[in-house]
Amino acid sequence: MAVHDDCKLRFLDLKAKRTYRFIVFKIEEKQKQVVVEKLGEPADSYEDFSASLPADECRYAVYDYDFMTEENVPKSRIVFIAWSPDTSKVRSKMIYASSKDRFKRELDGIQVELQATDPTEMGIDVIRSRSN
């Protein structure tokens, strides 16, 4: 599975320049490559992010999560989410599962990884607990 250069460039913008709050990626099966589907503005909320993931199709996503430590120090974590809802097609789940590690290696700087089959598995509280 190829990874479009735009995926890496947008990820670097998110990581280094904080140009985006999140990025949603999809696999274009005909072209056999991962492409950027949606970019979230820095002011977008977590709700905007979760609403951008389709209910019945697999996606990869990266979310820039900001939080305060117990010592009141602002921190951020880059969270990679493999979104594979139960209602998506079996073929799609297999393609996303088999391509995930290869794609993740292209995105240098991911700090937290989540696998989610429904929204409760990637809620903001789950991200918060995995980020500390």
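Provided above is the structure to which this section pertains.
What you see is a predicted model, and the numbers here were worked out from it, not measured in a lab.

Below, the discussion takes up the pattern of salt bridges. Once the charged atoms of two side chains with opposite charge are near each other, the side chains can pair. Evaluation of the coordinates by the stated rule reveals 14 salt bridges. Notably, a salt bridge pairs Lys-17 with Asp-13, separated by 3.4 Å at the nearest N-O pair. Residue Lys-17 and its partner Asp-13 are located together in helix 1 (residues 5-17), separated by four residues, close to a single helical turn. Looking at Asp-13, the relative accessible area reads 15%, which means it is buried. With its nearest N and O atoms 2.7 Å apart, the salt bridge here joins Glu-113 to Lys-100. One end of the pair, Glu-113, is in strand 6 (residues 112-116); the other, Lys-100, is in helix 3 (residues 90-106), and 13 residues separate them in sequence. Using a relative accessible area of 25% as the deciding quantity, one classes Glu-113 as partly exposed.

Attention shifts here to unusual backbone geometry. In the Ramachandran plot, Arg-18 falls in the positive-phi region, its phi being about 55 degrees despite a non-glycine side chain. Structurally, the position occupied by Arg-18 is in the loop between helix 1 and strand 2 (22-28). A residue is classified by how much of its surface remains accessible, and Arg-18, at 38% relative accessible area, is partly exposed. Even without a glycine there, the phi angle at Asn-72 is positive, about 60 degrees.

Below, the discussion takes up the nonpolar core. Phe-25, Val-34, Tyr-60, Val-62, Phe-80, Phe-103 and Leu-107 are the most contacted members of the largest nonpolar core, which totals 19 residues. Mapped by element, the contributors of at least two residues to this core are helix 1, strand 2, strand 4 (59-68), strand 5 (74-83) and helix 3. The residues touching Phe-25, leaving out its near neighbours within four places in the chain, are Cys-7, Val-34, Val-35, Val-36, Glu-37, Arg-59, Tyr-60, Ala-61, Val-62, Tyr-96, Phe-103 and Leu-107. Listed in part, the 17 residues of the second largest apolar core include Val-79, Trp-83, Ala-116 and Ile-127.

So, about the packing of aromatic side chains. For the coordinates displayed, the defined rule picks out ten aromatic pairs. Ring geometry for Tyr-46 and Tyr-63: centres 5.2 Å apart, planes at 90 degrees, overall edge-to-face. Here the residue Tyr-46 occupies a position in helix 2 (residues 46-51), and Tyr-63 occupies one in strand 4, the gap between them amounting to 17 residues. Accessibility classification places Tyr-46 together with Tyr-63 in one group, the buried group. Taking 5.0 Å as the distance between ring centres and 20 degrees as the angle between the ring planes, the aromatic pair formed by Tyr-60 and Phe-103 counts as stacked. Placement of the pair is Tyr-60 in strand 4 and Phe-103 in helix 3, with a sequence separation of 43 residues. Relative accessible area serves as the criterion here: at 1%, Tyr-60 is assigned to the buried category.

Conventions we followed
- Residues numbered from 1 in each chain as written.
- Predicted model: local features only at pLDDT ≥ 70, side-chain atom pairs only at ≥ 80, totals over all residues.
- Heavy atoms only, no water.
- Salt bridge = Lys/Arg side-chain N within 4 Å of Asp/Glu carboxyl O.
- Helix = DSSP H or I, 4+ residues; strand = E, 2+ residues; numbered from the N terminus.
- Buried < 20%, exposed > 50% of the residue type's maximum accessible area, 1.4 Å probe, protein only.
- Core = buried A, V, L, I, M, F, W, Y, C linked by side-chain atoms within 4.5 Å.
- Contact = heavy atoms within 4.5 Å.
- Phe/Tyr/Trp six-rings, centres within 6.5 Å; stacked < 30°, edge-to-face > 60°.

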